[in-house]
Structures are given as structure tokens and as C-alpha cells.
Amino acid sequence: MAGSVNKVILIGNLGRDPEIRHLESGVSIARFSIATSETFTDKNTGERRDVTDWHNIVCWRGLAKVAESYLKKGMKVYIEGKLKTRSWQDENNQTKYSTEVVADQMTMLSRAEANNIKTEYPSSVENNPVQPPAADLTSEPEDDLPF
């Protein structure tokens, strides 16, 4: 097989509101984390256990603007993208690494609610500035969010 594949698909809940930055060039960047959980039964004790993993997500340009406008802590989202590892030097000249998911597509699976007012938003967005996001206002709010 020629080439390689770098593809990540996650469904999880936002652990915090997106952190937004705007570069001097006008490009927007949104950063947030999502939690994914797995439940299993411990073979030794028979107890049900939950394991939660946290994933750092980065959205650029139009996708970042959608995240800024509509994403809130606790919302369930579908993220599709690729893994990217970056490195930098800290104040002690130690090399630090961070692996993030750079989102190419995002679908909001629950609605943000502020003061019991439902927020309308585009449900699925790809990081494509030419194609406007599609609106889907038919999904119901998620009641059993773990946050």
C-alpha cells in the first residue's frame, strides 16, 4: 500500500468552553478538550468501571468561528480530523511535546442551552471556507450529559 493514513474520529463531551485566538492575519483558532468514556467489567472483581480519556482539539478558520459561536462546556460533538504533534522549548530549554487532533469536520450532537433558551446552530461543519454550514434544527437536547 502506498502512502499512509492519519485519521481520527471522536464522539465526546466538551470539558470546557472553547478558547479562541485570532492571529494578526485574521485567522481564528479554537482550542478545547473533549472527553470520551468507555465502560467495562473488571474480570477480577466483577465491578463495572468507567475510563475517561481527554483529547485536545484544535479548529482553524471557519470551523473555529463556529466553535466560538456555538460550542459550550458539556455539549456532545463528533470530531473528525488528524493527529498532529508539536514541540517547543520551555523556560529550562527542555523540549516539550503535545499531540492534538486538528479537526477537519465537526458535528454538534447536542444543543447549548442558556437560561433555558435553545440555541439554533448549524449541526455539521467542515473546515471548508467555500461551503457554508448546513443547518439541522431537528435534533433534541441531550439530557444525560456527564458534566
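Residues numbered from 1 in each chain as written. Predicted model: local features only at pLDDT ≥ 70, side-chain atom pairs only at ≥ 80, totals over all residues. Heavy atoms only, no water.

**Comments concerning the overall build of the protein**
A count of helices and strands for the protein gives one helix and 10 strands. Written out in order from the N terminus, the α and β elements of the protein read β-β-β-β-α-β-β-β-β-β-β. Scored against the burial criterion, the 147 residues of the protein give a buried share of 34%. Look at the contacts in the protein between residues 6 or more apart in sequence, and 54% of them connect residues 24 or more apart. With an accessible surface of roughly 9800 Å², the protein has 45% of that area assigned to carbon and sulfur atoms. (Helix = DSSP H or I, 4+ residues; strand = E, 2+ residues; numbered from the N terminus. Buried < 20%, exposed > 50% of the residue type's maximum accessible area, 1.4 Å probe, protein only. Contact = heavy atoms within 4.5 Å. Areas by Shrake-Rupley, 256 points an atom, 1.4 Å probe, with all protein chains shown as cover.)

**Topic: helix H1 (residues 61-70)**
The set of residues buried in H1 consists of Leu-63, Ala-64, Val-66 and Ala-67. Taken down its axis, H1 places every buried residue within 160° of arc, on the same side. (Arc of directions from axis to C-beta.)

**Brief notes about the pairing of strand S4 (residues 48-60)**
Here strand S3 (residues 28-41) runs beside S4; their pairing, made up of 13 bridges, is antiparallel. Residue pairing for S4: Glu-38 is matched across the bridge by Val-51. The loop that links S3 with its antiparallel partner S4 comprises six residues; one of these, Gly-46, has a positive phi angle of about 80°. Sheet topology places S4 next to strand S6 (residues 95-108); two bridges connect them, and they run parallel. The residue bridging Ile-57 from the neighbouring strand is Val-101, located in S6. (Pairing = 2+ DSSP bridges.)

**A word on the nonpolar core**
Of all hydrophobic cores here, the largest spans 20 residues; its most connected members are Phe-32, Ile-34, Ile-57, Cys-59, Leu-71, Ile-79 and Met-106. Of all the elements in the fold, those that place two or more residues in this core are strand S1 (8-14), S3, S4, H1, strand S5 (76-89) and S6. Non-local contacts of Ile-79, meaning those with residues more than four positions away in its chain, are made with Val-8, Ile-9, Leu-10, Phe-32, Ile-34, Ile-57, Val-101, Ala-103, Gln-105 and Met-106. (Core = buried A, V, L, I, M, F, W, Y, C linked by side-chain atoms within 4.5 Å.)

**Section: the confidence of the model for the protein**
Residue-level pLDDT values for the protein average 82, and 75% of them are 70 or greater. Note on residues 114-121: pLDDT is under 50 here. Beyond four places in sequence and across chains, it has 19 contacts. (pLDDT = per-residue confidence, 0-100.)

**A word on the environment of Thr-45**
With respect to the secondary-structure elements, Thr-45 resides in the loop between S3 and S4. A relative accessible area of 45% places Thr-45 in the partly exposed class. Among the polar contacts made by the side chain of Thr-45, one reaches the main-chain amide nitrogen of Glu-47 at a distance of 3.2 Å. (Polar contact = N/O pair within 3.5 Å; in protein donor to acceptor, adjacent residues only side chain to side chain.)

**Some words on the pattern of salt bridges**
Scanning all chains against the criterion turns up five salt bridges. Here Asp-42 ties to Arg-49 by a salt bridge, and the two come within 3.1 Å at their closest N and O atoms. Asp-42 sits in the buried class, given a relative accessible area of 16%. By relative accessible area, Arg-49 is classed as partly exposed at 35%. Arg-86 is paired through a salt bridge with Glu-100; the nearest N and O atoms lie 3.1 Å apart. (Salt bridge = Lys/Arg side-chain N within 4 Å of Asp/Glu carboxyl O.)

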